[in-house]
Amino acid sequence: MNGPYAGRTGRAHADDGGRMARALRASGLPALWADRYPALAEPPARARAAAHVVGALKRLPVSYRFGFEVGLRGVGLGLRVAAARRLAPAAGYDRLARLPGFGRLLTVVDALALYGGLDGEPDT
């Protein structure tokens, strides 16, 4: 796609969704959703949730997208540190949620995931 919204490569934000999807996977949150929210325990619901989160975040202005991407990668790092300290992933999540900024990020991402996962298949 070319035009005023196309990036340097001529694709309009095509790689932003990929980067955001990779950041979400790196965060480890989709695996935690299955444990925290029974409605997202099934793989199709989790896939819809992840797709909804990525789709919503990639529509944000560039500076917000960058902030969410960095935040998601920070969550992944925090959860790996918690795992190295032999904390359960849920305990690591709870600790991260108490840090300034991370609590809001996790609330937003979880809300988007639940909305996407519970909404069902899109009408065609």
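What counts as what
Residues numbered from 1 in each chain as written. Predicted model: local features only at pLDDT ≥ 70, side-chain atom pairs only at ≥ 80, totals over all residues. Heavy atoms only, no water. Helix = DSSP H or I, 4+ residues; strand = E, 2+ residues; numbered from the N terminus. Buried < 20%, exposed > 50% of the residue type's maximum accessible area, 1.4 Å probe, protein only. Contact = heavy atoms within 4.5 Å. Areas by Shrake-Rupley, 256 points an atom, 1.4 Å probe, with all protein chains shown as cover. Polar contact = N/O pair within 3.5 Å; in protein donor to acceptor, adjacent residues only side chain to side chain. Core = buried A, V, L, I, M, F, W, Y, C linked by side-chain atoms within 4.5 Å. Expected span 1.5 Å × (residues − 1). Axes fitted to C-alpha atoms, helices over the stretch in contact; angles between N-to-C directions. Parallel < 35°, antiparallel > 145°, perpendicular 65-115°, else oblique. Nonpolar A, V, L, I, M, F, W, Y, C, P; charged D, E, K, R; others polar. Salt bridge = Lys/Arg side-chain N within 4 Å of Asp/Glu carboxyl O.

J.: Can you walk me through the overall build of the protein in this structure?
T.: The helix and strand tally for the protein stands at six helices and zero strands. Order of helices (α) and strands (β) in the protein, N terminus to C terminus: α-α-α-α-α-α. For the protein, the proportion of its 124 residues judged to be buried stands at 33%. In the protein, of all internal contacts separated by at least 6 residues, the share reaching a separation of at least 24 is 65%. Of the roughly 7800 Å² that the protein leaves accessible, carbon and sulfur atoms contribute 59%.

J.: Teacher, can you tell me more about the side chain of Ser27 here?
T.: Take Ser27: it is sitting in helix H1 (residues 14-27). Overall, the relative accessible area of 1% leaves Ser27 in the buried class. Engagement of the side chain of Ser27 in a polar contact is seen with the backbone oxygen of Leu24, the distance being 2.5 Å. Every residue in contact with Ser27, bar those within four places of it in the chain, is listed here: Leu72, Val75, Gly76 and Leu79.

J.: How do you make sense of the nonpolar core when you look at a structure like this?
T.: Generally speaking, nonpolar side chains in soluble globular proteins are found buried as a group. Counting residues in hydrophobic clusters, the biggest one holds 24 residues, and the most contacted among them are Leu24, Leu29, Trp33, Val53, Leu72 and Val109. Counting residues per element, the ones that place at least two in this core are H1, helix H2 (29-36), helix H3 (43-57), helix H4 (62-84), helix H5 (89-97) and helix H6 (102-119). The dominant element in this core, judged by the number of residues it contributes, is H3, at six residues. Those residues in contact with Leu24 that lie beyond four places of it in its chain are Leu29, Pro30, Trp33, Ala50, Val53, Val54, Leu72 and Val109.

J.: Mind showing me how you'd approach H6 here?
T.: One turn of the α-helix equals 3.6 residues, which is why residues spaced by three or four share an orientation. Taking 1.5 Å of rise per residue, the 18 residues of H6 would be expected to cover 26 Å, and the 25 Å separating its terminal C-alpha atoms lies within 8% of that figure. Considered for burial, the residues of H6 that qualify are Gly103, Leu105, Leu106, Val109, Asp110, Leu112, Ala113, Gly116 and Gly117.

J.: Looking at this structure, I do not really get the packing of H4 against H6. What am I missing?
T.: The interhelical angle for the contact between H4 and H6, taken along N-to-C directions, is 100 degrees, at an axis separation of 11 Å. In terms of their interaxial angle, H4 and H6 are classed as roughly perpendicular. Within the contact between the two elements, H4 uses Phe68, Gly71, Leu72, Gly74 and Val75 and H6 uses Phe102, Leu105, Leu106, Val108 and Val109. Looking at the contact of H4 with H6 residue by residue, the classes come out as eight nonpolar, two polar and no charged.

J.: How do you make sense of the pattern of salt bridges when you look at a structure like this?
T.: If charged atoms from side chains of opposite charge come close, those side chains can pair. Under the defined criterion, the tally for this structure stands at three salt bridges. Across the salt bridge formed by Glu69 and Arg19, the nearest N and O atoms sit 3.0 Å from each other. Taken together, the positions of Glu69 in helix H4 and Arg19 in helix H1 put the pair 50 residues apart, joining distant regions of the chain. With a relative accessible area of 35%, Arg19 lands in the partly exposed category. With its nearest N and O atoms 3.7 Å apart, the salt bridge here joins Glu69 to Arg73. Within this pair, Glu69 and its partner Arg73 are both found in helix H4, separated by four residues, close to a single helical turn.

J.: Looking at this structure, how should I read H4?
T.: Spanning 23 residues, H4 covers 33 Å between terminal C-alpha atoms, matching the ideal 33 Å at 1.5 Å per step. Directly beyond the C-terminal end of H4, a positive phi value near 65 degrees is found at Arg86.

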